[in-house]
Amino acid sequence: MRSIYWPLVFAGLVACSAESVSGSSSCAATKCADVATCDESSGEPRCMCPAGYEDVHGDGTECRDIDECAGNPGLCGADEICVNTAGRFTCRCKTGFVDIGIAGDSIVCADIDECVTGNGGCSANATCANLPGSRTCTCHNGYTGDGLVCAEIDECAAGKLVCDTPPLPACIGDKRR
């Protein structure tokens, strides 16, 4: 069977395809992995996996992506996450941070102040405090809740006010009178 072969020559390397040409001993007849390159400079075709790939069988017929992020926590900055891609990796800003540019070979991530807009999603009866990559919501004094929802504390029902007969103050609703 004869197939059309279009070699790509770059710096002495020929990219191989899975197609073959009968009777040929060149890269055209060599079954390299899809991402591998084929080198004929030694007279015999030799498949080679590119950087970022593991040569599974040592002959370039199967190239497996290396996860550069696994076990290498220092690849990206403190405010970034490592994302493995085919044959390489990229660094992206963590949630709560925004990419503000590039410095050298690295991206620069800055904290987003979630409290600036809409009290950070906190209750109107809460204080928003910005944290690196996040925020916290704390209910104001006299209110209870998770900070996202804050309900007024009923001091009378909670027994925080003495609500007896005169001459002591009386509780009306949730207020001392």
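Above this note sits the structure.
A short tour of the structure in this document, coming up. Remember, predicted model here, so these are calculated numbers, not experimental data. (Residues numbered from 1 in each chain as written. Predicted model: local features only at pLDDT ≥ 70, side-chain atom pairs only at ≥ 80, totals over all residues. Heavy atoms only, no water.)

Turning our eyes to something else, we now look at the overall build of the chain. Counting secondary structure elements, the chain contains 0 helices and 16 strands. The proportion of buried residues among the 177 residues of the chain is 24%. Within the chain, counting contacts between residues at least 6 apart in sequence, those at least 24 apart form 14% of the total. Counting every atom, the chain has about 11500 Å² of accessible surface; 55% of that belongs to carbon and sulfur. (Helix = DSSP H or I, 4+ residues; strand = E, 2+ residues; numbered from the N terminus. Buried < 20%, exposed > 50% of the residue type's maximum accessible area, 1.4 Å probe, protein only. Contact = heavy atoms within 4.5 Å. Areas by Shrake-Rupley, 256 points an atom, 1.4 Å probe, with all protein chains shown as cover.)

This part covers the state of the cysteines. Cysteine pairs can be linked by a disulfide, which is a covalent bond between their two sulfur atoms. Taken as a whole, this structure holds 9 disulfides when the rule is applied. Residue cysteine 27 pairs covalently with cysteine 38 via a disulfide, S to S 1.9 Å. Between cysteine 27 and cysteine 38, the S-S dihedral sits near -85°, and the bridge is therefore left-handed. One end of the pair, cysteine 27, is in the loop between strand 2 (13–15) and strand 3 (37–39); the other, cysteine 38, is in strand 3, and 11 residues separate them in sequence. For the pair formed by cysteine 27 and cysteine 38, the shared burial category is buried. Note on cysteine connectivity: cysteine 122 is disulfide-linked to cysteine 137, with sulfurs 1.8 Å apart. Linking cysteine 122 and cysteine 137, the disulfide has an S-S dihedral of approximately -70° and is accordingly described as left-handed. A residue pair is termed long-range when its members are at least 10 positions apart, and cysteine 122 in the loop between strand 10 (106–111) and strand 11 (126–131) and cysteine 137 in strand 12 (residues 134–139) qualify at 15 residues. Looking at cysteine 137, the relative accessible area reads 13%, which means it is buried. (Disulfide = S-S within 2.5 Å.)

Quick look at a nonpolar patch on the surface now. On the surface, a nonpolar cluster with roughly 300 Å² of combined accessible area is contributed by Val98, Ile100, Val108 and Ile112. Counting through the fold element by element, isoleucine 112 comes out in the loop between strand 10 and strand 11. With a relative accessible area of 38%, isoleucine 112 lands in the partly exposed category. (Patch = residues over 30% accessible without salt bridge, like charges linked within 9 Å, V, L, I, M, F, W, Y side chains within 5 Å. Salt bridge = Lys/Arg side-chain N within 4 Å of Asp/Glu carboxyl O.)

On to the pairing of strand 7 (residues 80–85), then. Bridge analysis of strand 7 against strand 8 (residues 88–93) gives 6 bridges, and the strand direction is antiparallel. For valine 83, the partnering residue across the bridge sits in strand 8 and is threonine 90. Following strand 7, the chain reverses through 2 residues before pairing antiparallel with strand 8; glycine 87 in that reversal takes a positive phi of roughly 75°. (Pairing = 2+ DSSP bridges.)

Applying the stated criterion to the full structure yields 2 salt bridges. Arginine 64 is the partner of glutamate 54 in a salt bridge, and the nearest nitrogen-oxygen pair spans 3.6 Å. Of this pair, glutamate 54 sits in strand 5 (residues 53–55) while arginine 64 sits in strand 6 (residues 63–65), and the two are 10 residues apart along the sequence. In this structure, arginine 64 and glutamate 62 form a salt bridge, with 4.0 Å as the shortest nitrogen-oxygen distance. Linked through salt bridges whose partners overlap, the residues forming this network are Glu54, Glu62 and Arg64.

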